[in-house]
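# Structural characterization, general
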Amino acid sequence: MGAVLAMTLARHIPKLAACVLLATLAACGNDPTTASPGLASLQQGFAGLFKPAQPRPTAAQIRAAVTPQVRQQLGGATLAVTEMPETGQAALVYATGRNGDVTTYSTLDNVTFAYQRGVLVGTRGLGFDLITADVGDVQRALRQGGRAVRVHRYLDGEDALQIRSFICDITATNPAREICQGQDTRFENEYQFDAGGRVIRSRQWVGPERQYLITEQLDE
Amino acid sequence: MARKGSVVFFVSCLATWVQANPAGYTYSSYGTPGLIDMPTAEVAEDAELGVTYSSSAAANRATLTFQLAPRLSGSFRYSMIENWSAGGALYDRSFDLRYQLVDERAVMPAVAVGFQDFIGTGVYSGEYIAATKHFGSALAVTAGMGWGRLGSYKGFENPLGALDSRFETRPTSRAATGGQIESAKWFRGDAALFGGIAWRATDKLTLKAEYSSDAYTRETGAAGLFQHKTPLNFGIDYAYRPDLHLQAYALHGSAIGFNLNMRINPRKPAVYGGSAGAPLPVMPRAAGASADLGWVTDADQAPAIRQRLADLLARDGMQLEGLALAPTAATVHIRVQRYLNRPQAIGRTARILTYVLPASVETLRIVPVENGMPTAAVTLQRSHVEQFEHDPDGAWRMFATADIGDGTANAAAATPVPGLYPRLRWSLGPSVKGSLFDPDNPVRLDLNAGLLAAYDIAPGLTLSGQLQHRLVGNRNESSRFDPSALPRVRSDANIYNKADTALSDLTLGYYFRPGEALYGRVTVGYLESMYAGLSTEVLWKPVNSRFALGAEVNRLRQRDFDQDLGLRAYQVTTGHLSAYYDWGRGYHTQLDLGRYLAGDWGGTLRLDREFANGWRVGAYATLTDVSASEFGEGSFDKGIMVTIPLDHVFGRPVGRKTEALLQPILRDGGARVKVDGRLYEKVRSYHQPEMRKQWGRFWR
C-alpha cells in the first residue's frame, strides 16, 4: 500500500506545486467535495469584470447562422430558436429526447424545454422552472376552441411542489390565442400552426419569474 | 341592492387591512422586531434570521434573532457597555424569547409576551406584554407594560401584586456566573408602561417615535455614558433593500445611535429549484424491445455498459461505485457529490439508466453509498420512469411506486468498479477560522492555507488528514488564562490557537454495516486539534423510521499545544447514548446521555429547525454533574448552530454545507470531542422521512 501511495502522490506533485502558488487566491484539488467553491466563484466573478461583455446573439442572428453545415454538426437533429423577452436571451435548441408525444429540446448550455405537440409542458435549468404542466384540456381546445383548465407545478423555496391552476379561453384560429387567468396572474399564449397542424411558432408563459418563452421551429 | 354593495365594500376594506399589515415591521436596537429600544407585538416572517448590529452611547449590541415558528422567536445577543464598572467595559451575552399570544385581527391588536435576557447575567433582563395594532398599511401603534429593565422608568407598584404580594419585589440575581433561568424574577417588581408608533412613510422609509420605560439607570448614572433628558426616542429606518435596513435614532434627548439589520430567510433561496443544468431526458424503449435477451450471453456487454454509465454519472456529479446486472434487474451503487437533494440525484441516475441498460432490464435498484456504506436501496420500475417523466403529477406517482428499503441486502451483489480503489483525493485552499467573545478582542480571525487529503484504501476505509497554516490573523494573540475548577479540557483552546502550522487531524476511519438498520464507525488517530485517540460508534436507524438510537465510546488523550504528533498527559474515556427524533415539519431533537471530557456525567439536549433545502438552525444545552460555580461563567454549556447549504448562496448545486457554531462561553464542563463523520448525519438524508420531504425534485 505504501508503494501505491507514494506513486499516487508522485503523480500529483506537479499539480500540487502549481497549486501552492494559487492557494492564497483560490482553492484547487481533485475533489469536488472538499474544494472551496466560494473562492473559485469569486475568482470567476473577478475574471468576468475584466472581460468585455460579450454581446448576446439575437434570435435573428441565430437563424442566420444555422447553415446546412451546422445542421450536420448537430447530427441532423430538429432545430428551433428560443427567446426569453424577460432576459433578452436567445438560444439555438435541438431535439434531444422524445417520450410519447413530448419532445425535449436542449440549448448548448444544457437548459431544456419540453413540448407536448407544441405546447410547453416543462423547463429545466432556467431556475424557477416549470416542473410540469397539465395541458390535456388545452390541447383539445386548441383544435375546437373554448374554455380549458391548465395546471402548472413549480418548486418552492423548500423543494415542495406548488400547484397553480388557470382558466384559459382559447380561440382556435391560426394563430390560436389562449388567454389565461389565475388567482393573481394573467397571461396570453399564442400558437401558430403550419398546414399540417404542427405548431411552428409560439409564445408561451413559463411562470411568474421567467415570464414568456418564444419558440420558432427551424425547418430545413 | 345598495345594502349588498356596502357589505361588499366593507369586506374588501377589511381584506386590504388584514393583508397589508405583516410586511412593514422593522428591528429595534435589541435586534428584535420593535421600535427603537422598545419591543412590539409583531413577529418576523416565519423562519427569518435577523442579524442586527446597533451602536450608541448606551451600548454596542450584535443580535441574532430567529423566528423559530410563526409565533415564537428566539434571540442571542452579545453586547458591550463601556464604563460599566471599575474594571471597564462589560461584555455580556443574553438570550430572549418572544411569543405572540394573539395575532392581529380586524379589530383586535396582536399581543405578545417577551422575556428579555432570561438566561445570562441579567443586565438586560426584563419581561413585557405588548399589543400592536396596524391602521391601514402605514401606521402601527404599540402599547405595552414592562417589568425589570423595562419597568425602570416611572415604575409603579406591580398590578400583579393583587394576585400575590410576592410580585411586588423583584429578587436580585442569585448567581454571579449568570446562565441560570431566573424564573423567580419574572414579572416581579415595579412595572411601567411604554409605547410608540411606527409610520411607514414610503416603501423604504419608516419613521418611529417611542415612549421608553427603560431609565438606563446605571448607564446614565455611575457609568456616565449619556443623559436621560426625556423618555422619548425618535428613529428613522431606511430599507436599502427589503433584506437590508439602516436605522438612525435619537436616544433620550442626548445620544444618537445606528442600526444595521440584515434579514435572511432559509425558506427563500436565491433560485427556487436551483439553477443546475437540465437532466438527460428519459430514453424510452421501443415497443416490444424488452423481450430481447440476446445481450445476456454477450460477455463484452457488461464492462461497456458500466463504463458508459460511469461516464454519464460523472458528468452529473455522481460516481459509480458498483453495478450488478441481471437479465431483468440492475443494481447500481452511486456516491452523490453534487446534489444535497437526494431524490434529485436518484431521479437523474434513473434517467441515465434508461440510456445505458439493455431493454430487458425493468427493475432499477439505486443504492446511494456514503463512506462505503450502502445507506438505502431505492427500487424503481423502468416503465414508470418512462411513463411519469412528463406526467403532471409525475413526482408523486414516482414516489408512490418507489420502494425505499435498507441497503444491506444488496451490499455484496454489485461488482465494484475496477480502478476506484485506492484513490487519493486532495485539495488545497484558503479557510477562515474565527474565535468569538473574548473580552480582550471579541472577534479574532485567521486566514489559513489548508491542505486536505483523503486516501480511500477500500470501500469504507479512508486515511485522511488536514494541515493548516496561518497566513494572517490574530487568533494567536490571546493570552487570557481563565482559571477552572475542572481538568482544563477546553479552556486552553487559545494556547492551541498559537500554533502557526497545525496538523488539525489525521485519522484512519472505517465505516461498515454490521446488519440491517445498523451502521458502524471506527476512527483512530488525531481526531481534532485538541484530542487524539480511538472513537467508535454504532447507529440503529431503520430506513423508514423517524427514530434512531446511537452509542459512541471514545478513548482519548489530549494533544500537544503545538498540534504536532505529541501528546499530553490527560487521558479520559467518554461516551454517549443518543436518541434522535424527527418530529416532522422540520423540527428535530437529539438527546445525548453520557460522560464528557472532564469526566463529568450528564446530558445534552439539542433542538433544530431544518429546512428541506439544507438550512438548519438549532440550539443545544448541556447539563452535567458539574455545579454552576465549578463550571464558572455561564453556569452550563450551551450554543447555537446555523448550517447553511452553499447551494443557497451560489444558486447552483455545490453539494456542501457550512456550519457555524456560536458558543457564548467555552468552558471545561459538558465538553465533547469533535469527530468527523458521525453516522446519523451521514445516513439520514437517504432515509424516510427526509426523502419524501425532498421528493419534489425527483424530476428536476
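Residues numbered from 1 in each chain as written. Chains lettered and ligands numbered in written order. Predicted model: local features only at pLDDT ≥ 70, side-chain atom pairs only at ≥ 80, totals over all residues. Heavy atoms only, no water.

Across its full length, chain A holds 5 helices and 13 strands. Here chain A holds 220 residues, and the buried ones make up 43% of them. Long-range contacts, defined here as pairs at least 24 residues apart, represent 31% of the contacts in chain A between residues at least 6 apart. Accessible surface, chain A as shown: approximately 11,500 Å² in total, 56% of it carbon and sulfur. (Helix = DSSP H or I, 4+ residues; strand = E, 2+ residues; numbered from the N terminus. Buried < 20%, exposed > 50% of the residue type's maximum accessible area, 1.4 Å probe, protein only. Contact = heavy atoms within 4.5 Å. Areas by Shrake-Rupley, 256 points an atom, 1.4 Å probe, with all protein chains shown as cover.)

This brings us to the overall build of chain B. Per the secondary structure count, chain B includes 11 helices and 32 strands. Over its C-alpha trace chain B gives a radius of gyration of 29 Å, about what one expects of a compact globule, namely 27 Å for 700 residues. Based on the C-alpha atoms only, the size of chain B along its principal axes is roughly 95 × 90 × 45 Å. When each of the 700 residues of chain B is scored for burial, the buried share is 55%. A fraction of 58% describes how many contacts in chain B between residues 6 or more apart in sequence connect residues 24 or more apart. (Rg over C-alpha atoms; globule rule 2.2 N^0.38 Å.)

Moving on to the pattern of salt bridges. All names here are of chain B. As enumerated under the stated definition, the model contains 62 salt bridges over all chains in all. Among the salt bridges present, the one from Arg 149 reaches Asp 214, with a minimum N-O distance of 3.0 Å. Of the two residues, Arg 149 is situated in the loop between β7 (139-148) and β8 (191-200) and Asp 214 in the loop between β9 (205-211) and α2 (217-220); the sequence distance between them amounts to 65 residues. For Arg 149, a relative accessible area of 11% translates into the label buried. We note a salt bridge from Asp 500 to Arg 470, for which the minimum N-O separation is 3.0 Å. Pair noted here: Asp 500 is in the loop between α7 (493-496) and β23 (501-515) and Arg 470 is in strand β22 (residues 461-473), with a separation of 30 residues, a long-range link. The buried category is assigned to Arg 470, whose relative accessible area is 8%. One connected set of salt bridges, linked through shared partners, spans Arg 546, Asp 582, Arg 606, Asp 608, Glu 610, Arg 616, Glu 681, Arg 684, Glu 690 and Lys 693. (Salt bridge = Lys/Arg side-chain N within 4 Å of Asp/Glu carboxyl O.)

Turning our eyes to something else, we now look at the packing of aromatic side chains. Considering all chains together, one arrives at 26 aromatic pairs over all chains under this definition. Between Phe 166 of chain A and Trp 205 of chain A the ring centres are 5.5 Å apart and the planes differ by 75°, which places this aromatic pair in the edge-to-face class. A residue pair is termed long-range when its members are at least 10 positions apart, and Phe 166 of chain A in strand β9 (residues 161-171) and Trp 205 of chain A in strand β12 (residues 199-207) qualify at 39 residues. You'll find Phe 166 of chain A and Trp 205 of chain A in the same group, each marked buried. For the ring pair Phe 547 of chain B and Tyr 581 of chain B, a centre distance of 6.5 Å and an interplane angle of 50° mean the geometry is tilted. Here the residue Phe 547 of chain B occupies a position in strand β26 (residues 547-559), and Tyr 581 of chain B occupies one in strand β27 (residues 567-584), the gap between them amounting to 34 residues. Tyr 581 of chain B sits in the partly exposed class, given a relative accessible area of 30%. In textbook terms, an aromatic cluster arises when at least three aromatic residues are bridged by ring pairs, as seen for Phe 76, Tyr 78, Tyr 91, Phe 95 and Phe 437 of chain B. The lysine or arginine in question, Lys 638 of chain B, covers the ring of Phe 636 of chain B, its NZ or CZ lying 4.4 Å from the ring centre. (Phe/Tyr/Trp six-rings, centres within 6.5 Å; stacked < 30°, edge-to-face > 60°. Lys NZ or Arg CZ within 6 Å of the ring centre and 35° of its normal.)

This next bit is on the side chain of Ser 73 of chain B. Residues and elements named next belong to chain B. Tracing the backbone through its elements, the reader meets Ser 73 in strand β3 (residues 72-85). Under the relative-accessibility criterion, Ser 73 is labelled buried at 7%. Residues in contact with Ser 73, not counting those within four places in the same chain, are Thr 65, Phe 66, Gln 67, Leu 68, Asp 96, Leu 97 and Arg 98.

Residues and elements named next belong to chain B. The end-to-end C-alpha distance of helix α3 (residues 301-315) is 22 Å, a good match for the 21 Å that 15 residues give at a rise of 1.5 Å each. Those residues of α3 that sit buried are Ile 305, Arg 306, Leu 309, Ala 310, Leu 312 and Leu 313. At its buried positions, α3 is contacted by β13 (318-325), β14 (329-336), α4 (342-356) and β19 (415-416). Immediately downstream of α3, the backbone of Gly 317 shows phi near 75°, a positive value. (Expected span 1.5 Å × (residues − 1).)

Attention now goes to the pairing of strand β8 (residues 146-155) of chain A. Residue and element names in this part refer to chain A. In terms of burial, β8 is largely enclosed, as 7 of its 10 residues are buried. In this structure, strand β7 (residues 130-134) lies alongside β8, joined through 4 bridges in antiparallel fashion. Counted as the bridge partner of Asp 134 is Val 151 from β8. One ladder, built from 10 bridges, connects β8 with β9; its direction is antiparallel. By the bridge assignment for β9, Arg 153 is matched with Ile 163. (Pairing = 2+ DSSP bridges.)

Partitioning chain B into domains gives domain 1 (2-264), domain 2 (289-419) and domain 3 (423-458 + 460-690). Computed over C-alpha atoms, the centres of domain 1 of chain B and domain 2 of chain B are 55 Å apart. (Domains from an automatic or database assignment.)

Residue and element names in this part refer to chain B. By secondary structure assignment, the location of Thr 624 is in strand β30 (residues 616-624). In this structure Thr 624 comes out as buried when scored by relative accessible area, which is 18%. Residue contacts for Thr 624: discarding those within four places in its chain leaves Tyr 596, Asp 600, Trp 601, Gly 602 and Gly 670.

Turning our eyes to something else, we now look at the packing of α3 of chain B against α4 of chain B. All names here are of chain B. At a minimum axis distance of 10 Å, the contact between α3 and α4 shows a crossing angle of 145°. In this structure, α3 meets α4 at a crossing whose hand is right-handed. Residues Ile 305, Arg 308, Leu 309, Leu 312 and Leu 313 of α3 form the contact with α4, whose own contacting residues are Thr 349, Ile 352, Leu 353, Tyr 355 and Val 356. (Axes fitted to C-alpha atoms, helices over the stretch in contact; angles between N-to-C directions. Left-handed = near helix turned anticlockwise from the far one by under 90°.)

What follows covers the nonpolar core. Judged by nonpolar contacts, the single largest core of 45 residues is most densely connected at Leu 309, Leu 380 and Trp 695 of chain B. For this core, the secondary structure elements donating two or more residues are α3, β13, β14, α4, β15 (363-370), β17 (377-381), α5 (382-388) and α6 (394-401) of chain B. Ranked by the residues each element gives to this core, the list is headed by α4 of chain B, at 7 residues. In terms of nonpolar packing, the next biggest core, distinct from the first, is built from 34 residues, Val 138, Ile 170, Phe 187 and Phe 193 of chain A among them. (Core = buried A, V, L, I, M, F, W, Y, C linked by side-chain atoms within 4.5 Å.)

With that settled, consider the sheet that holds strand β6 (residues 119-124) of chain A. Residue and element names in this part refer to chain A. Spatial strand order, β6-β5-β4-β3-β2-β13-β12-β11-β10-β9-β8-β7: 12 strands in an open sheet with antiparallel pairing. Taken across any chain shown, the strands that pair with only one partner, and hence form the sheet edges, are β6 and β7. Ignoring strand direction, the axes of neighbouring strands in this sheet form an average angle of 25°. Along the sheet face, helix α5 (residues 136-144) touches β5 (112-116), β6, β7, β8, β9, β10 (176-181) and β11 (186-193) and points at about 145° away from the line of β8.

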